[in-house]
Amino acid sequence: MSVSSPLVSYPMVEKLVESEKILVADDDSELIRYIQSVLEGKGYCVITAKDGKEAYKLLQSGQTFSAAIFDVAMPHIGGRELVDYMKNERRLMKIPVIIMTAEINFRYPSDSISRGAVAFLPKPFTDVQLTTMLSMFVKPAGHTKHNKEKV
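A. The arrangement of the pairing of strand β2 (residues 45-49) in detail. Across five bridges, strand β1 (residues 21-25) lies against β2 in parallel orientation. Each residue of the ladder has a partner; that of A25, found in β2, is A49. As for the winding sense of the linkage, the β-α-β connection from β1 through helix α1 (residues 29-41) to β2 is right-handed.

Below, the structure written as structure tokens:
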């Protein structure tokens, strides 16, 4: 007598990697909504701050960010000052920071980079410019080769 065990198939179980968390700070609420919409559409998790003080508190909160995008001029604390703070904190010093501004000052790009920012994004910018620049430093979860595991 032959006993055969039923064929058991296990569905592919997917373990999704948590989305890359991006901190975005700007005092322009419309721009914040635009950036959040564009980046979330590309698979990023976006945490927003309405000014530099709020961004500073988020940086101190212990959350882990994959990158940050700051406006140069914001109430309380500017983007370049946030970069200064981050570069002096061991937990934050390796987070890539993109500085953006609509100000026409030829010193801002070089000053931002010399303080530790990885890139400078002049406003206005397109969604392609934004996502291309960010993807140079961090990939959204949907684009990593380790985002699915077969079990």
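B. The arrangement of the sheet that holds strand β4 (residues 97-101) in detail. Ordered by their spatial adjacency, five strands build an open sheet running β2-β1-β3-β4-β5, and the pairing between neighbours is parallel. The outermost strands of the open sheet, each flanked by one partner alone, are β2 and β5 (119-122). For this sheet, the mean inter-axis angle between neighbouring strands, taken without regard to orientation, is 20°. Docked against the sheet, helix α4 (residues 107-115) engages β4 and β5, running at close to 150° with respect to β5. Relative to the sheet, helix α5 (residues 127-135) contacts β1, β3 (67-71), β4 and β5, its axis offset from that of β5 by approximately 175°.

C. Just a nonpolar patch on the surface, in detail. Nonpolar side chains collect at one region of the surface, where V118, M136 and F137 lie side by side and expose about 260 Å² of accessible area between them. Among the secondary structure elements, M136 is positioned in the segment after α5.

D. Examining the side chain of D71 more closely. The residue D71 is located in strand β3 in this model. A polar side-chain atom of D71 sits 3.3 Å from a polar atom in the side chain of K123.

E. Here's a closer look at the pattern of salt bridges. Applying the stated rule across the entire model yields seven salt bridges. In this structure, K123 and D26 form a salt bridge, with 2.7 Å as the shortest nitrogen-oxygen distance. With K123 in the loop between β5 and α5 and D26 in the loop between β1 and α1, this pair connects stretches of sequence that are 97 residues apart. Several salt bridges share partner residues, and in doing so they unite R80, E81, D84, D111 and R115 into one network.

F. Structural view of the packing of helix α3 (residues 79-87) against α4. Running from N to C, α3 and α4 cross one another at 15°; their axes reach a closest spacing of 9 Å. One element, α3, and the other, α4, form an angle in the roughly parallel class. For α3 against α4, the interelement crossing comes out left-handed. Residue-level contacts link R80, E81, V83, D84 and K87 of α3 to Y108, D111, S112 and R115 of α4. Of the residues in the contact of α3 with α4, the class split is two nonpolar, one polar and six charged.

Rules of the game
Residues numbered from 1 in each chain as written. Predicted model: local features only at pLDDT ≥ 70, side-chain atom pairs only at ≥ 80, totals over all residues. Heavy atoms only, no water. Pairing = 2+ DSSP bridges. Helix = DSSP H or I, 4+ residues; strand = E, 2+ residues; numbered from the N terminus. Right-handed = clockwise from strand over helix to strand, strands pointing away. Axes fitted to C-alpha atoms, helices over the stretch in contact; angles between N-to-C directions. Contact = heavy atoms within 4.5 Å. Patch = residues over 30% accessible without salt bridge, like charges linked within 9 Å, V, L, I, M, F, W, Y side chains within 5 Å. Areas by Shrake-Rupley, 256 points an atom, 1.4 Å probe, with all protein chains shown as cover. Salt bridge = Lys/Arg side-chain N within 4 Å of Asp/Glu carboxyl O. Polar contact = N/O pair within 3.5 Å; in protein donor to acceptor, adjacent residues only side chain to side chain. Parallel < 35°, antiparallel > 145°, perpendicular 65-115°, else oblique. Left-handed = near helix turned anticlockwise from the far one by under 90°. Nonpolar A, V, L, I, M, F, W, Y, C, P; charged D, E, K, R; others polar.

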